[in-house]
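Next come the chains, spelled out residue by residue.
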Amino acid sequence: MRGILATISPVYLWMVLFMVVPLGLILLISFLQRGVYGDVKFHFTLENYRALADPLYVQVFLTSVGIALGTTVSCLLLGYPFAYFVAGTEKKHHRLLLVLIIIPFWTNSLVRTYAWILLLRTEGLINTVLLQLGWIQEPLQMLYSYGAIFLGMTYTLFPFMILPLYSIIEKLDKSLLEASADLGATPLQTFLQVTLPLTLPGIVAGSLLVFIPSLGYFFIPDLMGGGKHMIIGNLIKNQFLASRNWPFGSAISIILILLTLLVVLAYLKLLGGDKDDMGVM
Amino acid sequence: MAEQANIIVQIRDLQKVYEDTIAVDHIDLDIMEGEFLTFLGSSGCGKTTTLRIIAGFEEPTGGKVLIGGKDVKDQPPHERNVNTVFQSYALFPHMNIEQNVGFGLKMKKMPKDRIRKKVEEALKLVRLEGYGHRRPNQLSGGQKQRVAIARAIVNEPRVLLLDEPLGALDMKLRKQMQVELKHLQRELDITFVYVTHDQEEALTMSDRIAIMNDGRIEQIGTAVEIYENPRTRFVADFIGETNLFSGTVLSQEEEGVYRVQTSNFTLPVLGEGLEVGETVSFTVRPERIFITQPDQPVDVVVEATFKEFIYIGSIIKSIVSLADGKEVTVTDQAGMEMRFQPGDSVKLRWQTSQSLVLRK
Amino acid sequence: MAEQANIIVQIRDLQKVYEDTIAVDHIDLDIMEGEFLTFLGSSGCGKTTTLRIIAGFEEPTGGKVLIGGKDVKDQPPHERNVNTVFQSYALFPHMNIEQNVGFGLKMKKMPKDRIRKKVEEALKLVRLEGYGHRRPNQLSGGQKQRVAIARAIVNEPRVLLLDEPLGALDMKLRKQMQVELKHLQRELDITFVYVTHDQEEALTMSDRIAIMNDGRIEQIGTAVEIYENPRTRFVADFIGETNLFSGTVLSQEEEGVYRVQTSNFTLPVLGEGLEVGETVSFTVRPERIFITQPDQPVDVVVEATFKEFIYIGSIIKSIVSLADGKEVTVTDQAGMEMRFQPGDSVKLRWQTSQSLVLRK
Amino acid sequence: MPKRKIFSKLYMVLIFALLYVPILVLIVFSFNTSKLNAVWTGFTLDWYRKLMGNRDILRAMGNSLQVAFLSTALSTMVGTLAAVGMYRYKFKGKAVLDNLLYIPMVIPEIVLGIALLMFFSRFRVPLGIRTLVIAHATFSIPFVFITVKSRMAGFDSAIEEAAMDLGASPLQTFLHVTLPVILPGVAAGALLSFTLSIDDVITSFFVTGPSTNTFPLQVYSMVKFGVSPEINALSTVMLVITITVALLGEKLKKE
Amino acid sequence: GKKEASNELNLFNWSEYLPQELIEKFEEETGVRVNYNTYSSNEEMLAKIMTAPGMYDIAVSTDYMVDIMIQQKLLEEIGLEGIEGVENLGANYLDLAFDPGNRYSLPYMAGTALLAVNTSKVDFDIEEYADLWNPALENSIVVLDDQRAVMGLALKKLGKSINETDPGVLEAAARELAALKPNIKAFDSDSPKSLLISGEVSVGYVWNAEAVMAQKENPDIKIVMPEEGLYLWQDNFVIPKGAPNAENARKFISFMLRPENSKICSDSFPYTNPNAAALELIDEETRNNPGIYPDDSVYAQGEFLVDVGETTVVYDKIWTDFKQQ
Ligand SMILES: Nc1ncnc2c1ncn2[C@@H]1O[C@H](COP(=O)(O)OP(=O)(O)OP(=O)(O)O)[C@@H](O)[C@H]1O
Ligand SMILES: Nc1ncnc2c1ncn2[C@@H]1O[C@H](COP(=O)(O)OP(=O)(O)OP(=O)(O)O)[C@@H](O)[C@H]1O
Ligand SMILES: [Mg+2]
Ligand SMILES: [Mg+2]
């Protein structure tokens, strides 16, 4: 009992104080009305939620989820082998490698994104080099496309996939992989049958840490996608700032939170199973 | 039986060095098809390492391994028709027992119902029927070990490597499993390479035993050869209990028999090519020594003082001491022992053929 | 010695049920201060579970444990002056050997140089001097186990729980460690609660042995009591090898001696309160049976046919079969055996005092 | 075996190259004479010189580092404890709390910022480093929690038992055994937390006080007139420092 | 709790929008310590001041936002009598609709949104907003990522005001926008000049300063001021309600109004300086750059943004729809 108190109560108090209470305010606002000058009028209404049913907003949600899913998948596909190989290096190098992975992300994200733009744009570095080498005749149109958005998102969220993956792959019991190989499983089979299920908690964690934030990371689509897509993050930001429609912005946020929680729960059910019960010997 | 068979595993000048430890030290060994070969040796002598090199988990520092005549240097573990029962079990924690045992068959893409049948049989063999749906962490130590055995044998490999597979079992189950493993080995005609630290197990089950010490093979041979004719002091001391004496060669009595002087007595021992004045060691097994009140004369009679009885069930050990305090162990079947009191003067006797000079 | 001492651990009506398994089934037991008590039993019979309850890792489903007269229900493991050597070693993977062994002392805030000294001594005791700077994953199975022992004894607890601590060691080292553990236990005057599946180990080391079966204690007593006077069929069968017969009581011959009819022969056995017509089992230990050419008459003489010799070093086992095919094992010290050929007619003889009727 | 090793090395080099390519561009442009960060016009050290005189940027950087360190420490502690507790104990409301912990990740930053600002202003909490740390910890805790929780899966509790058996109190067991074993997970969570904090704009904007501007705020509010290459210069300096510290630390550890 | 009035000045502004040397000079002169706080849009500034009042002493606010802040009673009176140098300001920049009589605000900098055309990439003349709809410009325009600005473009093409509230007109404007979308390569308010300079786009609808800077780097770029009139803007100093150091704020405004100080601003940023007295100190090239100091006629034809009240919701929906296409 004392253990529960010591470990759980800090987070519990924290969340109640700094999240539940503020969130309650947002919930309240979502049922109020926008004033003429963008203030909040104390007048109960469900209009904000009703307005959300417009196919326009459904479309925004779908676009956002599409981008988030794409980002998650590409982070996972690129990141898993990377985390696997890093975990496979000599243990004494691990700390350095991890720090080297994260250091680029301690620079300012805006500056980093501009750097990508410098690389990708029509007269950017990559095109210049490729043209010089004669590998292409016409400059490639890389910027302001879905490709650029995915590249930017994947790049920005990469450490959020790598670190949880690494931390679980690193503790994988090597003798289990040996046992699998010994029983005739090819490396691929071993990977699918043993490595993957045992590292599933890391995959789940990494995917959540990438998927959820990418629903709201609008500055990458804005900068690298040319701002031609409205994702849920922009929509909400626009309500709070450009249109100063806090009630509507709050309503969208509440729905976003609920939908994301649903997705997360479904995902955990689907993939996680009863992973708490997974013991080792 | 092993002599006529083909060689299935050849180990040539095998060596494995960890940073500061020589785990395997230039081993040469041929393992015959269908034989039951046991590695017996003290903790840390390199048994597991040797097995892991054969299985392909460890790359040798030097030398090579041939399986079925082919150098397996570039063959990854899953392509070697070799299965292992791991000392640490290495059960898959995310699979239940049934899935663990069926894993190898599933990898071979065997039809599901055949897998189920074979898994059932294997579980029956290790007396774990009905445990199929448990997770490894719901089993006791011995139960886990039995699952590891089932998981390996269900694949009927050409060579089965077993690393102390019965280590966690009680005597009773262990004896049963010994019989069953031996039975299985004969029936499936699989080569067993077995690691154990239980000499009785080694002696009863093996066709041949390789005694390892400090990364080297000290002696290899059948149970009788090893027990009756240990070639080194280490082997004599390691296999069974023994009494070790050392002394100086006084003279040759006849072909193969020398008279040796120890600090307590002078007596004839068996040996070959010894020189007068040489210092030698020789052994006498406790069960080949008789304690008597001084009476009929035999080849060897040594004066001693009785110290104590130790009771170990079917056997009674007597500890006696010689004039200079050296302790000698004598064993007797329980119920057969003479009743002495500590301090009693006794005589020890044995036949010359039971005292054997050792190489080193 | 245990009789005069104080009781240190009291186990009262202890019970532990997992979902579908009764692991510990109403156990009552007193453990004396300074005694060496061994749990002996088959795989999965609840030995580890009992130990874990004493240590405080498992809450009993029913009953209670008292240590030093105090119910320890609410005492977490670290407040019980009890240390454990785990069956699975449970070494800390992130610490080297020295740090592993010194952990308990560090928790007690012992000065660093004293810790270093005590750790060194402990490592010496388990013959691992110079291994202090290795990590657990750089050790062999047996070496890990020795570290686990050193880590526990260095704390000199009032009660030390050892769960198959010598399981992974070879016979030689095991014998040495047995002697040393016993020595240590006497010297430090610590209570040892020991789990093993090696009966020889149990018989040589223990003051008392508790034979467990299926969550229950079948019999508890000294080595001699258990071996010479097993109270149940299970105990007789489990401890040492034995030959079990069953038959019908024909008549009472004298006080404590009954004549019993088996399918092969009629003979007198020791028993108490038996009724004529009752079906009973009785045992004769293999080492108490002699094989002879039909000659001098003793209490019991049974006709049999010789089948085979089994060689296990210091002992030779003979398997003979009775008229109806039942096999009987007879052991002899190697070198003492009569040379028979399979198929030879032989006679078995033993003293009536060696055949004992069992309760169930 | 060796072939696979070569492949894995190649792959790692490739990914590292991808990670560092934009960083190289960023560094190169810190030496560019043009203010526009658009085309290479010539080499200069002007931006470094200017940076040294730019009190606001340096102070903002100082604030950001302070907030990042404090909030990382806080969220790592709270998040790790929570993950351990949730792994070890069963209690009522566990599932609810578990799901509650995903919410701070889901809340759009601007919503969290405004909500916290309303909250602080309502309870008259003065805005400043303190409120920044609270806000950052709030959105970082789930990242730590999830990372550590995934690492806990399949944790061998026998070694915790061994520690308690040897007389370690639950706290000591946690510090000496549990924590070191799950350290890779905790470190990963802390690194993520630091990354989030050092780069946060929107939430920070709302909860920061009048004298605690942070570095990302400074950068983002430049967008109207173009991000100054001083930022590149500062980023370069920071990169050089962190990489040097990391390499030195590694070197020291070896000796 | 609220801070006691200390000798500080909490300034709220975009970063790099007020030369550091001026701040240092002011601090030296008055002994007031300046805390420079930044935001990246008017709306952020508004949200912060609205939610947690009483923190900032002086803020820079764009025309329409001054109006909103006045309406929401978020501003102190500026107190013209306590400020020196108001007379230095040009008449074009005073007494405007969003703050008649300058009760609450005084101008700091001003500018316009206009067209920048890369003549090497466009082979026809661009003179009016409607030319942006030319299919030849497919995927080659950058426009401000700002709903009112871009709506303004469409409304201007239709010959309407950028502050139109008639739903029918707005719907027509939405259709115009849909037609424009294929020509838009990117939305960028932050640094559209880099796209122009590097040739990534041929035409930009951008802030005048961006166009001027782009022109400096790439001489092919020509500034075009469509006849339909420009979108005008003017940034102003305001004093938020409950400012703890309002007096320091006035001191600061006075300081900024001095011609020699105002000139320093112009040297640093290529915007229109409303300080007529400072104009004489500014170098000729800048003064004669029509991109920075356009004719008075531009002021006559141009329009400031005005908050459209409830219609904002309509604008927002059109914008979302437009982006989503
Ligand atoms: N990864 C390693 N790094 C360093 N030394 C090692 C490593 N693995 C094993 N060793 C050492 O090599 C020697 C042989 O180890 P091995 O595991 O083969 O012994 P073993 O004969 O199986 O012993 P046991 O009966 O105790 O299991 C031991 O001294 C051990 O400490
Ligand atoms: N967590 C658990 N869940 C369900 N059953 C369990 C669990 N732990 C142990 N058991 C069962 O309880 C019984 C007793 O287990 P225990 O580990 O005490 O056996 P043991 O006597 O130590 O055996 P061994 O000699 O094989 O180690 C076994 O049948 C085992 O399968
Ligand atoms: Mg081993
Ligand atoms: Mg056990």
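Conventions and cut-offs
Residues numbered from 1 in each chain as written. Chains lettered and ligands numbered in written order. Predicted model: local features only at pLDDT ≥ 70, side-chain atom pairs only at ≥ 80, totals over all residues. Heavy atoms only, no water. Helix = DSSP H or I, 4+ residues; strand = E, 2+ residues; numbered from the N terminus. Buried < 20%, exposed > 50% of the residue type's maximum accessible area, 1.4 Å probe, protein only. Contact = heavy atoms within 4.5 Å. Lys, Arg positive; Asp, Glu negative; His and termini not counted. Charge placed at Lys NZ, Arg CZ, Asp CG, Glu CD. Near = heavy atom within 4 Å. Polar contact = N/O pair within 3.5 Å; in protein donor to acceptor, adjacent residues only side chain to side chain. Nonpolar A, V, L, I, M, F, W, Y, C, P; charged D, E, K, R; others polar. Areas by Shrake-Rupley, 256 points an atom, 1.4 Å probe, with all protein chains shown as cover. Salt bridge = Lys/Arg side-chain N within 4 Å of Asp/Glu carboxyl O. Buried area = accessible area lost by both parts, 1.4 Å probe. Axes fitted to C-alpha atoms, helices over the stretch in contact; angles between N-to-C directions. Parallel < 35°, antiparallel > 145°, perpendicular 65-115°, else oblique. Left-handed = near helix turned anticlockwise from the far one by under 90°. Core = buried A, V, L, I, M, F, W, Y, C linked by side-chain atoms within 4.5 Å. Pairing = 2+ DSSP bridges. Phe/Tyr/Trp six-rings, centres within 6.5 Å; stacked < 30°, edge-to-face > 60°.

Draft legend 1. Representation of the overall build of chain A within the structure. Across its full length, chain A carries twelve helices and two strands. Secondary structure of chain A in N-to-C order comes out as α-β-β-α-α-α-α-α-α-α-α-α-α-α. Counting only C-alpha atoms, chain A reaches 70 × 70 × 35 Å along its principal axes. With 281 residues in all, chain A has 62% of them scored as buried. Across chain A, contacts joining residues at least 24 apart in sequence account for 67% of those joining residues at least 6 apart. Taken together, the 16 basic and 14 acidic charged side chains of chain A have centroids lying 9 Å from each other.

Draft legend 2. Region of interest: the site of ligand 1. Neighbouring residues of ligand 1: 20 residues in total, closest Gly44, Thr48 and Thr49 of chain B together with Ser140 and Gly142 of chain C. Ligand 1 sits at a junction of chains, with neighbouring residues supplied by chains B and C. Separating an oxygen atom of ligand 1 from a backbone N or O atom of Lys47 of chain B is a distance of 2.8 Å. Residue Thr49 of chain B places a side-chain N or O atom 2.5 Å away from an oxygen atom belonging to ligand 1. When grouped by side-chain class, the residues that make up the shell around ligand 1 number four nonpolar, 13 polar and three charged.

Draft legend 3. How the structure looks around the site of ligand 2. Close to ligand 2 lie 18 residues; Ser140 and Gly142 of chain B together with Gly44, Thr48 and Thr49 of chain C are nearest. Residues close to ligand 2 are split across chains B and C. Between ligand 2 and Lys47 of chain C there is a distance of 2.8 Å, counted from an oxygen atom to a side-chain nitrogen or oxygen. Side-chain polar atom of Thr48 of chain C to an oxygen atom of ligand 2: 2.5 Å apart, as the coordinates give it. If ligand 2 stood free it would expose 640 Å²; the protein chains cover 90% of that surface. Elements that contribute at least two residues to the shell around ligand 2 include exactly helix H4 (141–153) of chain B together with strand E2 (21–32) and helix H1 (47–55) of chain C. Residue composition of the shell around ligand 2, grouped by class: three nonpolar, twelve polar and three charged.

Draft legend 4. How the structure looks around the pattern of salt bridges. Within this structure, the stated rule accounts for 60 salt bridges over all chains. Here Arg103 of chain E and Glu77 of chain E are joined by a salt bridge, their closest N and O atoms 2.6 Å apart. With Arg103 of chain E in the loop between helix H3 (63–71) and strand E4 (105–118) and Glu77 of chain E in the loop between H3 and E4, this residue pair connects regions lying 26 residues apart in the sequence. Judged by relative accessible area, Glu77 of chain E falls into the partly exposed class, the value being 40%. One salt-bridge network, in which partners are shared between bridges, spans Lys91 and Glu170 of chain A together with Arg151 of chain D.

Draft legend 5. Structural context of the interface of chain D and chain A. In this complex, chain D contributes 91 residues to the contact, which on the side of chain A involves 91 residues. Summed over both sides, the interface between chain D and chain A buries roughly 8300 Å², with carbon and sulfur atoms accounting for 80% of that surface. Applying the counting rule to chain D against chain A returns two salt bridges. Measuring nitrogen to oxygen at the nearest pair gives 2.7 Å for the salt bridge that ties Arg151 of chain D to Glu170 of chain A. Along the contact surface separating chain D from chain A lie ten residue pairs in polar contact (both at pLDDT 80 or more). It is helix H1 (residues 2–29) of chain D that provides the largest number of residues to the side of chain D that touches chain A, a total of 15 residues.

Draft legend 6. Seen up close, the packing of helix H2 (residues 97–107) of chain B against helix H3 (residues 112–125) of chain B. Residue and element names in this part refer to chain B. Remark: H2 packs on H3, axes separated minimally by 9 Å, with the N-to-C direction vectors making an angle of 120°. Compared by their axis directions, H2 and H3 come out oblique. Considering how the two elements wind past one another, H2 and H3 form a crossing that is right-handed. Facing Ile97, Glu98, Val101, Gly102, Leu105 and Lys106 of H2, the residues of H3 in contact are Ile115, Lys118, Val119, Ala122 and Leu123. Considered class by class, the residues forming the contact of H2 with H3 number seven nonpolar, one polar and three charged.

Draft legend 7. Structural detail: the nonpolar core. Judged by nonpolar contacts, the single largest core of 335 residues is most densely connected at Phe82 of chain A together with Tyr205 of chain E. Ignoring sequence-local partners within four residues, the contact set of Tyr205 of chain E consists of Ala113, Leu114, Leu115, Tyr129, Val142, Val143, Leu144, Ala149, Leu153 and Tyr231 of chain E. Residues Ile67, Val72, Ala90 and Met212 of chain B belong to the second largest nonpolar core, which totals 40 residues.

Draft legend 8. Local environment of the arrangement of the chains. Of all seven pairs of chains in contact, the one with the most contacts involves chains A and D. The least C-alpha distance between chain A and chain C, which are not in contact, is 8 Å.

Draft legend 9. Region of the structure containing the pairing of strand E17 (residues 315–321) of chain C. All names here are of chain C. In terms of residue burial, E17 counts as a mostly covered element, since seven of its seven residues are buried. Residues of E17 alternate between two faces, with Ile315, Lys317, Ile319 and Ser321 on one and Ile316, Ser318 and Val320 on the opposite face, all of them buried. Direction of pairing for strand E16 (residues 300–312) relative to E17: antiparallel, over a ladder of seven bridges. Paired with Ile310 across the two strands is Lys317, which belongs to E17. Between the end of E16 and the start of E17, which pair antiparallel, lie two residues, with Gly313 showing a positive phi angle near 75°. Pairing analysis gives seven bridges linking E17 to strand E18 (residues 327–333), with the strands arranged antiparallel. In the sheet register, Ser321 faces E18, and the bridge partner there is Glu327. What sits between the antiparallel neighbours E17 and E18 is a turn of five residues, in which Gly325 has the positive phi angle 95°.

Draft legend 10. Structural context of the packing of aromatic side chains. This structure, assessed with the given rule, holds 74 aromatic pairs over all chains. Taking the centre distance of 6.0 Å and the plane angle of 15° together, the rings of Phe205 of chain D and Phe12 of chain E count as stacked. Within this pair, whereas Phe205 of chain D is found in helix H10 (residues 202–207), its partner Phe12 of chain E is found in strand E1 (residues 8–13), the two belonging to separate chains. Across this residue pair, the class does not change: Phe205 of chain D and Phe12 of chain E are buried.

Draft legend 11. Region of the structure containing the sheet that holds strand E17 (residues 315–321) of chain B. Residue and element names in this part refer to chain B. The strand order E15-E19-E16-E17-E18 describes an open sheet built from five strands, whose pairing is antiparallel. Of all strands in the sheet, those with a lone pairing partner are strand E15 (290–292) and strand E18 (327–333), marking the two edges. Averaged over all pairs of adjacent strands, the angle between their axes in this sheet comes to 45°, without regard to strand direction. In this structure, E15 lies alongside strand E19 (residues 345–350), joined through three bridges in antiparallel fashion.

Draft legend 12. Representation of the interface of chain A and chain B. Of the residues lining the interface, 22 residues belong to chain A; the matching set on chain B comes to 27 residues. Taken together, the links from chain A to chain B amount to one salt bridge. The salt bridge involving Arg52 of chain B is made with Glu178 of chain A; its shortest N-O contact spans 2.6 Å. There are seven residue pairs in polar contact (both at pLDDT 80 or more) connecting chain A and chain B. Those elements giving two or more residues to the side of chain A that touches chain B turn out to be helix H8 (174–182) and helix H9 (187–216) of chain A. Sort the elements by how many residues they give to the side of chain A that touches chain B and H8 of chain A lands first, with seven residues.

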